[in-house]
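# Fold and geometry: a report
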Amino acid sequence: MSNSDERTEHMRQIRDDVLNFKESPLYEDRVKNRYYPVIGQGSHRAVVMLIGEAPGKNEALTSKPFSGSAGKILGELLGSVGILRENIYITNILKDRPPMNRDPLPNEISAYAPFLDRQIDIIQPKVIATLGRFSMGYIMEKFGLLEELRPISVIHGKIFAARAPYGDITIIPLYHPAAAIYNPNTKEVQLNDIKALKQYA
Ligand code: URA
């Protein structure tokens, strides 16, 4: 997919499909709370794609990924290596907020993953950095890296080479930015790991 207008049109179609995704286990909750789905943000021609877990409350109220406290930390991490948000693409596996920010359930991941797959097909990123263990597990399996999958504490910041249908791709598992909220020592590690992205964005 080369043309920018085409990419934008396909992305709009994803937004409409998510908006109308009434079979979603999270649809009722979205409507009841007047939340928005969170599709993604950034350049449709990005080389680097960041994939988080699911929108939090702030994100569901604004429709912008990583616009709350985890987003503030993500901004600091990206800023530390001079990466501008508008040059990358940021999204999540789940496009709707799970109640009380609980972990995504397997059936929610499988329900929303096809939207993420379509976003990857549209943007065709050369690098995917996963944020947290849920997107790490999904993306490593998707790109045939299941044998190399380990706990995030073991493989954070490591660089994995894989093949996408459109060419070579690099997968970099990163801790979720919110990890620094619960354990401030993680921040040092995150500041170091994010350096792996600097050369691409
Ligand atoms: N946490 C995520 O994983 N994604 C967001 O968009 C916000 C918080």
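Residues numbered from 1 in each chain as written. Predicted model: local features only at pLDDT ≥ 70, side-chain atom pairs only at ≥ 80, totals over all residues. Heavy atoms only, no water.

The next point concerns the sheet that holds strand E4 (residues 127-131). What the six strands build is an open sheet, ordered E1-E3-E2-E4-E6-E5; its pairing is mixed. The sheet is open, and its two edges are formed by strand E1 (41-42) and strand E5 (160-164), each paired on a single side. The pairing of E5 with strand E6 (residues 167-174) spans five bridges and is classified as antiparallel. The partner of Ala162 across the bridge, within E6, is Ile169. (Pairing = 2+ DSSP bridges. Helix = DSSP H or I, 4+ residues; strand = E, 2+ residues; numbered from the N terminus.)

Its place among the elements puts Thr130 in strand E4. With near-sequence residues (within four places) excluded, Thr130 lies in contact with Ile51, Ser135, Met136, Ile139, Ile172, Pro173 and Leu174. (Contact = heavy atoms within 4.5 Å.)

Moving on to the pattern of salt bridges. Under the criterion given, the structure shown has ten salt bridges. A salt bridge links Glu108 to Arg102; the nearest nitrogen and oxygen atoms lie 2.7 Å apart. The class of Glu108 is buried, set by a relative accessible area of 2%. Accessibility expressed as a relative area gives 28% for Arg102, which makes it partly exposed. Here Arg133 ties to Asp103 by a salt bridge, and the two come within 3.1 Å at their closest N and O atoms. One end of the pair, Arg133, is in helix H6 (residues 133-142); the other, Asp103, is in the loop between strand E3 (89-92) and helix H5 (106-123), with 30 residues separating them in the sequence. The partly exposed category is assigned to Arg133, whose relative accessible area is 48%. (Salt bridge = Lys/Arg side-chain N within 4 Å of Asp/Glu carboxyl O. Buried < 20%, exposed > 50% of the residue type's maximum accessible area, 1.4 Å probe, protein only.)

Quick look at the site of the ligand now. As a structural note, the neighbourhood of the ligand is formed by Gly52, Glu53, Ala54, Glu59, Pro65, Phe66, Asn92 and His176. One of the backbone nitrogen or oxygen atoms of Ala54 is found 3.0 Å away from a nitrogen atom of the ligand. Side-chain polar atom of His176 to an oxygen atom of the ligand: 2.8 Å apart, as the coordinates give it. (Near = heavy atom within 4 Å. Polar contact = N/O pair within 3.5 Å; in protein donor to acceptor, adjacent residues only side chain to side chain.)

Attention shifts here to the nonpolar core. Ranked by size, the top nonpolar core spans 37 residues in total, and within it Ile51, Leu116, Ile120, Ile128, Ile139, Phe143 and Ile171 carry the most contacts. Those elements that provide at least two residues to this core are helix H1 (4-19), strand E2 (48-52), H5, H6, helix H7 (152-155), E5 and E6. Of all the elements, H5 adds the most residues to this core, at eight residues. The residues contacting Ile171, other than those within four sequence positions of it, are Ile128, Ile139, Met140, Phe143, Leu145, Lys158, Ile159, Phe160 and Ala162. Listed in part, the 22 residues of the second largest apolar core include Val48, Leu74, Ile90 and Ala178. (Core = buried A, V, L, I, M, F, W, Y, C linked by side-chain atoms within 4.5 Å.)

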